[in-house]
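Tertiary structure, described
For reference, the chains in residue letters:
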Amino acid sequence: MEQRSNVTEFVLLGLTQSPQGQKILFVVFLLLYIVTMVGNLLIVLTVVVSPTLDAPMYFFLGYLSFMDTVYSTTVTPNMIIDLLYEKKTISFQACMSQLFIWHLSGGAEILLLVVMAYDRYVAICKPLHYLAIMNQQVRVLLLLLAWAGAFLHAIVKLLLVYNLPFCGPKVVDHFICDMYPLLKLACTDTYIVGLTVVANDGAICVVIFMLILISYGVILHSLKNLTQEGKRKALSTCSSHIAVVVLFFVPCIFVYVRPPSTSPIDKCLTVFYAVITPMLNPLIYTLRNGEMKNAMKKLWTRKRK
């Protein structure tokens, strides 16, 4: 604790040191963040107020959009504000808070994608029992389990870093407080902690990613028993889910499934799954979902009246 007290704040290097580049990125990321918030909050509002969207799939979709807003807000506003300043600082406590909320919301989103894969499996493979299996109590329970698992994941990450001695230097080669950049600054051997991170993040991401892909493989295999209209609707829904899963998991796996180290490309990958993916999720789900588009049109018409 005495060693750590020498570092009360960290300096973030950010994405670029070029003043001109920072101005351009400020405009770009501000627009992306606005689109992300509007798109995800519109989905949440549409699911809440539209009586036609009472199926379990839309219940989980609404919460996925809510998680995307939390996940993006944990990082993006600070990154946008930092682009206006030459020196980007963050206090030790704020850094730890960002790390915790970042992995809490990200972990919850990962587990919710598993739940949504299970929901699609039940809907397509057991259609007659779908509403009985995925009743209101089960939906809430699955959502709480996702948050509980994410909390356990995030608290482990926080405890691993919080008790490390930081005695300088205090420059974080990133635009957020994440595990590997912080481990580089600890003035102690972090090899075991790094391996724990690989097991906690990398291995879990790979296992969950493979399980989700296998579950969708089973779903697609079962489509032969459906009508042409049923196949078309199921393929449209599943392809949207698979696209979101791939966009989220592939960059995460690349960052965390490797020996504990930092790489220049990590910043670009973090931008992708922290900024770009939450923005794309509403577009992917709404553009390929007729019911969602119709509900949004009705909501817009009602508001205009």
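Our structure's up above, just so we're on the same page.
Quick caveat: nothing in here was measured; it's all calculated off a predicted structure.

Along the chain, proline 56 turns up in helix α2 (residues 56–82). Take proline 56: its relative accessible area is 0%, and that puts it in the buried class. The spacing of proline 56 and lysine 298 is 242 residues in sequence and 20 Å in space, taken between C-alpha atoms. Discounting residues that sit within four places of it in the chain, proline 56 has contacts with Asp119, Tyr130, Leu131, Met134 and Arg139.

With that settled, consider the packing of aromatic side chains. Counted by the stated rule, this structure contains 12 aromatic pairs. Here the aromatic rings of phenylalanine 100 and phenylalanine 151 are separated by 5.8 Å at their centres, their planes lie at 85°, and the arrangement is edge-to-face. With phenylalanine 100 in helix α3 (residues 92–125) and phenylalanine 151 in helix α5 (residues 136–162), this pair connects stretches of sequence that are 51 residues apart. Phenylalanine 151 sits in the partly exposed class, given a relative accessible area of 45%. Between phenylalanine 209 and phenylalanine 249 the ring centres are 5.5 Å apart and the planes differ by 25°, which places this aromatic pair in the stacked class.

It is worth spelling out the sheet that holds strand β3 (residues 171–172) at this point. Read across the sheet, three strands follow the order β2-β1-β3 without closing on themselves; strand pairing throughout is mixed. A strand with exactly one partner marks an edge of an open sheet, and here the two such strands are β2 (88–91) and β3. Pairing of strand β1 (residues 9–12) with β2 involves four bridges; the strand directions are antiparallel. Following the sheet pairing, phenylalanine 10 is matched in β2 by isoleucine 90. The strands touched by α3 are β1 and β2; relative to β2, the strand with the most contacts, the crossing angle is about 85°.

Before going further, it helps to examine helix α7 (residues 191–221). Over its 31 residues, α7 extends 43 Å from the first C-alpha to the last, a length consistent with the 45 Å expected when each residue adds 1.5 Å. The largest bend in α7 comes to about 25°, at alanine 199.

Right, let's get into the nonpolar core. Phe10, Leu113, Phe166 and Phe249 are the most contacted members of the largest nonpolar core, which totals 92 residues. Looking at which element gives the most residues to this core, the answer is α3, with 17 residues. Non-local contacts of leucine 113, meaning those with residues more than four positions away in its chain, are made with Leu64, Ile212, Val244, Val245, Phe249 and Tyr285.

Cut-offs applied
Residues numbered from 1 in each chain as written. Predicted model: local features only at pLDDT ≥ 70, side-chain atom pairs only at ≥ 80, totals over all residues. Heavy atoms only, no water. Helix = DSSP H or I, 4+ residues; strand = E, 2+ residues; numbered from the N terminus. Buried < 20%, exposed > 50% of the residue type's maximum accessible area, 1.4 Å probe, protein only. Contact = heavy atoms within 4.5 Å. Phe/Tyr/Trp six-rings, centres within 6.5 Å; stacked < 30°, edge-to-face > 60°. Pairing = 2+ DSSP bridges. Axes fitted to C-alpha atoms, helices over the stretch in contact; angles between N-to-C directions. Expected span 1.5 Å × (residues − 1). Bend = angle between axes of the 7 residues up to and from the residue. Core = buried A, V, L, I, M, F, W, Y, C linked by side-chain atoms within 4.5 Å.

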